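Chain by chain, the residues run as shown.
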Amino acid sequence: MQKKILFLTSILNFLLNTAIQGSVIFIPLLGQKLGATDFQVGLIGAAYGGAYLVASLASGQQSDRRGKLIFVRWGLFFSTLMFLAQLLAQRYLVLLLVRAGVGLALGVTTAALVAYAFEAGADMGKFSSYGSLGWIGGAATAAVLKRFELIFLSGAFFCALSWLLSLYLPPGEQQIGKKVEKDSSGWLKVLRREYKVYLAIFLRQLGAAAVWIILPLYFNSLGLSPTWTGILWGINFTVQFLVMRHLNHYDPVKIFAFGQILSIFVFLTYGLVTRLELLILAQILLGIAWSGLYVGALLLVLSSGQERGTASGLFTATLNLCGTLGPFLGGLVAQFWGYRGVMFLAAALSAAGMLVAVPQAVKGEKERERVGDRNEGKLTDLARRL
């Protein structure tokens, strides 16, 4: 029974992320086609990200009280409808509202799906890797289909298939979860302890999210076809999938710092180069940069104390906040300073993040080493006495 649950949840994660990524890539191009300005394209991304964030937080809390599976199924069902509703977007305002609806529907299901898989005993690393494969699948689907209506139909199909498969999931852990403490001091304690790491992630990812919302438009302005846009996206995700699987054995401080530094170089490269082969190289380096930054930062915050669930939740919330604010910032900057201005802003934010976090990360690593040395010394003394 457990193998069945783990298999189905992994497939659901793959299909759902395939649907998500296929639409995300070309939404800015559709917005532009409907007459939206660069700033309005940013608003579309912000509406989607904000709705996704709110729905994830709300459904995650409610699913602990009412059971996970009902949110997974209803979220997938409404996601199918909202992906189909994208076909009706013939005006900018309609597209903005529909994308907000897509964010709400996805937020309902994804938070509950992750919790359901965790309660079923899934290896969360392997479970998450299927999400990366879904990003690759979505980019490939978009590159092959090219047309907006076909991409939206495929997204609806993947969501509908996911909904059908979810009907075969057993109730599992449907009982009421543990009582959640209303006191938020745990979050504040974790935030105070590693706030510089969270701040560094926020600054870098804020710049990155600003870039992603206009990057398809930038590639289009350079003369790249939609097919090549999808291919470039797929290169990034493929590199992430391959690199992340091999980073656990490295010093998190070093790969975290390396990811910060390499991010600066990548965003500067976006703003300075126009040749396709150099953009391919930039996408490869981007995959390496994000892998090091993400895994390094995650290991740092999770190893800083016993509140690992709180640290992980705060880390995820930080990324979601960037996904909400970044598109707004990207559209605003592009409106007044052009696409290259967004690239240079992202490089500056990454540099600020590096200056904030790397000294703190090194300090924290030295402190952990001192604690480890003290503990080792205590064990040695105890062994001698015995």
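Further up the page is the structure itself.
Residues numbered from 1 in each chain as written. Predicted model: local features only at pLDDT ≥ 70, side-chain atom pairs only at ≥ 80, totals over all residues. Heavy atoms only, no water.

**Quick look at the environment of Arg99**
Structurally, Arg99 is set in helix H4 (residues 92–119). When its relative accessible area of 3% is taken as the criterion, Arg99 is described as buried. Along the sequence, Arg99 and Ala46 sit 53 residues apart, while their C-alpha atoms lie 9.5 Å from each other. With residues up to four places along the chain from it excluded, the contact list for Arg99 reads Ser23, Val24, Ile27, Ile44, Tyr48 and Gln86. Within the local environment of Arg99, its side chain forms a polar contact with the side chain of Gln86, the two groups lying 2.6 Å apart. (Helix = DSSP H or I, 4+ residues; strand = E, 2+ residues; numbered from the N terminus. Buried < 20%, exposed > 50% of the residue type's maximum accessible area, 1.4 Å probe, protein only. Contact = heavy atoms within 4.5 Å. Polar contact = N/O pair within 3.5 Å; in protein donor to acceptor, adjacent residues only side chain to side chain.)

**What to know about the environment of Ile264**
Mapped onto the elements, Ile264 comes out in helix H10 (residues 252–272). Along the backbone, Ile264 and Ala352 are 88 residues apart, and their C-alpha atoms lie at a distance of 9.8 Å.

**Section: helix H1 (residues 2–33)**
Taking 1.5 Å as the rise per residue, H1 with 32 residues should run 46 Å; its terminal C-alpha atoms sit 47 Å apart, in good agreement. The largest bend in H1 comes to about 40°, at Ile27, with the proline Pro28 one to four residues further on. Directly beyond the C-terminal end of H1, a positive phi value near 95° is found at Gly35. (Expected span 1.5 Å × (residues − 1). Bend = angle between axes of the 7 residues up to and from the residue.)

**Some words on the packing of aromatic side chains**
Going through the model one piece at a time under the given rule, you end up with 13 aromatic pairs. Seen from their ring centres, Trp212 and Phe267 are 6.2 Å apart, and the 50° between their planes marks the pair as tilted. In this pair, Trp212 is assigned in helix H8 (residues 195–221) and Phe267 in helix H10, connecting sequence segments 55 residues apart. When its relative accessible area of 25% is taken as the criterion, Trp212 is described as partly exposed. On the basis of relative accessibility, which here comes to 0%, the residue Phe267 falls in the buried class. Taken together through their ring pairs, the aromatic side chains of Trp212, Tyr218, Phe219, Phe267, Tyr270 and Tyr339 make up a single cluster. Over the ring of Tyr48 we find Arg99; its NZ or CZ atom is 4.4 Å from the centre of that ring. (Phe/Tyr/Trp six-rings, centres within 6.5 Å; stacked < 30°, edge-to-face > 60°. Lys NZ or Arg CZ within 6 Å of the ring centre and 35° of its normal.)

**Here's the deal with the pattern of salt bridges**
If you walk through the whole model with that rule in mind, you get two salt bridges. One salt bridge connects Arg147 with Glu149, and the closest N-O pair in it is separated by 2.5 Å. On the basis of relative accessible area, Glu149 is assigned to the partly exposed category, the value being 32%. The salt bridge involving Glu277 is made with Arg275; its shortest N-O contact spans 2.5 Å. Look at Glu277 and you get partly exposed, because its relative accessible area is 43%. (Salt bridge = Lys/Arg side-chain N within 4 Å of Asp/Glu carboxyl O.)

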